[in-house]
Every structure is written in C-alpha cells, then in structure tokens.
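Each chain, written out:
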Amino acid sequence: DGFLYSRRITRGSLAETYTYEQLCVQSMGGVSKPLLSFEFQTIESAKYSPDGRRLAVLERAAESAHLYIFDLDTKELLTDLTDMGFGDTVSAYVWDSMGGRVFSIGGSGEISIHQYDFNVPTESKRHTVVDRKGVDEGSLAFFDGELYFCETTLEGGGMIYRIKPEGGTRRSYMEGSAFALSGDGRYMAFSASGDDALGGGETHFGIRDMHNGALTTITDEFSVYTFLWSYDGSRLYYIENRLSGSAGEETESTGDANDAYPYRLWVYDIASGESRTIADLPYASIAVSHRADEVYLCYTDGTTLGDVVRATYIIPAG
C-alpha cells in the first residue's frame, strides 16, 4: 500500500539539539505518517514478517546494534533480541516463511547464528543458537525449511552452507562469499572467487536455480560490489565499483579517482538472460520498489558524511 522509510528528525534549540530516526510510511497517494513512535539512533534496515504481524528493525547505536521486534497491531515493542541472547554485533537477519521465527547472525565476541521462536510459549526458552562453528557477517536466507549462510576461511575460501534450524549439522551447498535469494525463492544470486563451481578465474557473479541446481554466469569481468533482487524476482540489480573491488576492497583502479559517479548500476533480466547498464551513480546505496521497473537512490550530502539526505530519486529501470 505504500513505502516504508526512515526519517532523521532534529529537536530542540540551537544550544541543545538532539537527533533521532523514525520509521514512516508514505501511501501511494503521497501522504506520509509515522509508523512507530519509537525513537531510533540510526536505522540500518527493517523487514516485515511474511504474515504482516510483526516488524524487525535493526538499529545501530554507538558501538553496538539492537534488533527490535514490534507488534504491528499495537505498535508496541515486543522484544529487543540483543538483550535476549543475540548479542550486540547483530548483522544479517531473516524471517522464516510463516513469520513465527526470526534468525540472525550475531553475538558478543563469538559470532553465531541465532533463532528466536515466537511459537514457544515460554519467553525465556524462545532463543536458541543454531550454529556456532563460524559464520561471515553478511548473507543469510531461509528457504524450504533451511538456513543458508557463508563462512570464509584462509584455507578453503568462501563457502555457502545450509542447516536445518531445528537441529542438525551444517552441509556445504556451493562455493561463494556472498549471496541473495530472489523473493520467490527460485534463484540464488552469488559472488565467488578462485576455483569455484563455475570453474577457474579470479571472480564470478552468477545465479543458481534452487529447483534444479543449474548455474548461470552473469559476469566474470569485474568483482560485483553489491547486488539485490527486484521485488518479483524477475530482475537482478548489481553494482560495479570502477575504483575498487568487491565489498570495497581496494584493487587496481579501472577508472578516474576524481569521478563523481564511480558506481555503475547493471540489471540482469531473468527472462532474456541479458545484462545491460542503467546509470552511473554517485553512491552504491540503492533500494528497489515493488514495481519491477523502479530503483531508488538516496542522494546524500557529502559534507555531513551521508547524514543528510538531499533527495530520493526514482531511477527508471525499464
């Protein structure tokens, strides 16, 4: 019915001011209103549960992180999962297919995969640790009753694993250092380097069919900086940083260091199997609409290190 977004608000006088972020919803008719009265320090992300009953919000606060769960009927805070055992270094999180469980990568010192099950009547027994063997802070997905995650080691490189959250042993799925599932669960986009499943080379970006395991290479000409799916899973958007390598790691420059638009936005169309460029961007932070032909870009103010958003643009992707 509309758009969920965060808004930074400043209160007080010039002598004594304080800022916070608030979650708001803008209707398709253009009317905006606060979704929650809660005052956040910095909102990293927010995700609705599949049943629409709850909202998970990841907040960055100083040196820690909080993963809050809100009841959307009452607009009240149900729990702070950081205090329930998830730890203060929460990164990726995901709901199960029904919305009764939430999973996260986090911890305090030791990074593990955690689960909080709202179906358990006793609140003190809702938190469990799914896996303690090591996990990268990044990719996490739930599909067909299993959790998917990555771990990178010096000896073996990046590997994507899967595990049943009810208990069991992790199993290797495929080589890769980052991934994202399409909204319909049909495809997994992944990036990998070295001698991976696609065979040789320095870097690969491709998709895997979750039904039959078929692999498709999208590009091996550059390291993909970041990527995300369209809402309906028909398109995959990915960004090339011409000044650095994957995930911001500095590599041999392929562009002008003074280029104000160093990020190149690409789109891969599932139906045609073809990629094309959309635009060169000043920033790599984008979001997608529920409409397949729109991408959003927040144009921030460089003098405030991105703290002030000057405008939000719609980039036509069709």
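Just so you know, these numbers come straight off a predicted model, no measurement behind them.

1. Topic: the overall build of the chain
Scanning the chain from N- to C-terminus turns up one helix and 26 strands. For 318 residues, the compact-globule formula gives about 20 Å, and the C-alpha radius of gyration of the chain, at 20 Å, lands near that figure. Taken along its principal axes, the extent of the C-alpha atoms in the chain is 55 × 50 × 35 Å. Each of the 318 residues in the chain was classed as buried or not, and the buried ones make up 44%. Taken as a whole, the chain presents about 16400 Å² of accessible surface, with 46% of it coming from carbon and sulfur. Charge-centre separation for the chain: the mean point of 26 positive side chains lies 7 Å from the mean point of 48 negative side chains.

2. Looking at the environment of Thr 219
As for its position among the elements, Thr 219 is in strand β19 (residues 215-219). Take Thr 219: its relative accessible area is 9%, and that puts it in the buried class. With 183 residues separating them in the primary sequence, Thr 219 and Leu 36 have C-alpha atoms 42 Å apart. Discounting residues that sit within four places of it in the chain, Thr 219 has contacts with His 204, Phe 205, Val 224 and Tyr 238.

3. Structural notes on the sheet that holds β19
Taking strand neighbours across the sheet as the criterion, the four strands line up as β16-β17-β18-β19 in an open arrangement whose pairing is antiparallel. Two strands in the sheet have a free side with no partner beyond their single neighbour: β16 (178-181) and β19. Going from strand to strand, the sheet's axes swing by 25 degrees on average, the running direction of each strand aside. Here β16 runs beside strand β17 (residues 187-193); their pairing, made up of four bridges, is antiparallel. Along β17, the bridge assignment pairs Leu 181 with Met 188.

4. Looking at the sheet that holds strand β10 (residues 112-117)
Within the open sheet, the four strands sit side by side as β8-β9-β10-β11. Their pairing is antiparallel. A single partner strand is all that each edge strand has here, and the edge strands are β8 (93-95) and β11 (127-131). For this sheet, the mean inter-axis angle between neighbouring strands, taken without regard to orientation, is 25 degrees. Pairing of β8 with strand β9 (residues 101-106) involves three bridges; the strand directions are antiparallel.

5. Let's talk about the pairing of strand β2 (residues 17-27)
Strand direction decides the pairing type here: strand β1 (residues 2-12) and β2, joined by eleven bridges, are antiparallel. Directly across from Thr 10, in β2, lies its bridge partner Thr 19. Here β1 folds back onto β2, and the loop between the two strands holds four residues. One ladder, built from three bridges, connects β2 with strand β3 (residues 32-34); its direction is antiparallel. Its bridge partner lying in β3, Val 25 is registered against Lys 33. Taking the residues between adjacent antiparallel strands as the criterion, β2 and β3 are bridged by four residues, where Gly 30 takes a positive phi near 95 degrees.

6. Digging into unusual backbone geometry
In the Ramachandran plot, Lys 75 falls in the positive-phi region, its phi being about 65 degrees despite a non-glycine side chain. One non-glycine residue with positive phi stands out, namely Asp 144, at about 50 degrees. Tracing the chain through its elements places Asp 144 in the loop between β12 (140-143) and β13 (146-153). Asp 144 gets classed as exposed once you look at its relative accessible area, which sits at 66%.

7. Looking at the side chain of Arg 54
Checked against the element boundaries, Arg 54 lands in strand β5 (residues 54-61). It turns out Arg 54 is buried and unbridged, and the closest side chain with the opposite charge, Asp 51, is 4.3 Å from it. Polar contacts involving the side chain of Arg 54 include one to the main-chain carbonyl oxygen of Gly 99, which spans 3.0 Å. Residues contacting Arg 54, with those up to four places away along its chain left out, are Lys 47, Tyr 48, Ser 49, Ile 69, Phe 70, Leu 72, Leu 78, Trp 95, Gly 99, Gly 100 and Phe 118.

8. Concerning the side chain of Ser 91
Tracing the backbone shows Ser 91 in the loop between α1 (82-86) and β8. Leaving out residues up to four positions away in the same chain, Ser 91 has contacts with Leu 58, Arg 60, Ile 105, Glu 137 and Gly 138.

9. Some thoughts on the pattern of salt bridges
This structure, assessed with the given rule, holds 14 salt bridges. A salt bridge links Arg 170 to Glu 151; its shortest N-O distance comes to 2.7 Å. Taken together, the residues span a long stretch of sequence, with Arg 170 in the loop between β14 (157-163) and β15 (171-175) and Glu 151 in strand β13 at a distance of 19 residues. Given the relative accessible area of 16%, Glu 151 is considered buried. The closest approach of N and O atoms between Asp 209 and Arg 186, which form a salt bridge, is 2.8 Å. In this pair, Asp 209 is assigned in strand β18 (residues 203-209) and Arg 186 in the loop between β16 and β17, connecting sequence segments 23 residues apart. Note on Asp 209: relative accessible area 6%, which makes it buried. Here the salt bridges do not stand alone but share partners, grouping Arg 242, Asp 259, Arg 264 and Asp 280 into one network.

Scoring rules and cut-offs
- Residues numbered from 1 in each chain as written.
- Predicted model: local features only at pLDDT ≥ 70, side-chain atom pairs only at ≥ 80, totals over all residues.
- Heavy atoms only, no water.
- Helix = DSSP H or I, 4+ residues; strand = E, 2+ residues; numbered from the N terminus.
- Rg over C-alpha atoms; globule rule 2.2 N^0.38 Å.
- Buried < 20%, exposed > 50% of the residue type's maximum accessible area, 1.4 Å probe, protein only.
- Areas by Shrake-Rupley, 256 points an atom, 1.4 Å probe, with all protein chains shown as cover.
- Lys, Arg positive; Asp, Glu negative; His and termini not counted.
- Charge placed at Lys NZ, Arg CZ, Asp CG, Glu CD.
- Contact = heavy atoms within 4.5 Å.
- Pairing = 2+ DSSP bridges.
- Axes fitted to C-alpha atoms, helices over the stretch in contact; angles between N-to-C directions.
- Salt bridge = Lys/Arg side-chain N within 4 Å of Asp/Glu carboxyl O.
- Polar contact = N/O pair within 3.5 Å; in protein donor to acceptor, adjacent residues only side chain to side chain.

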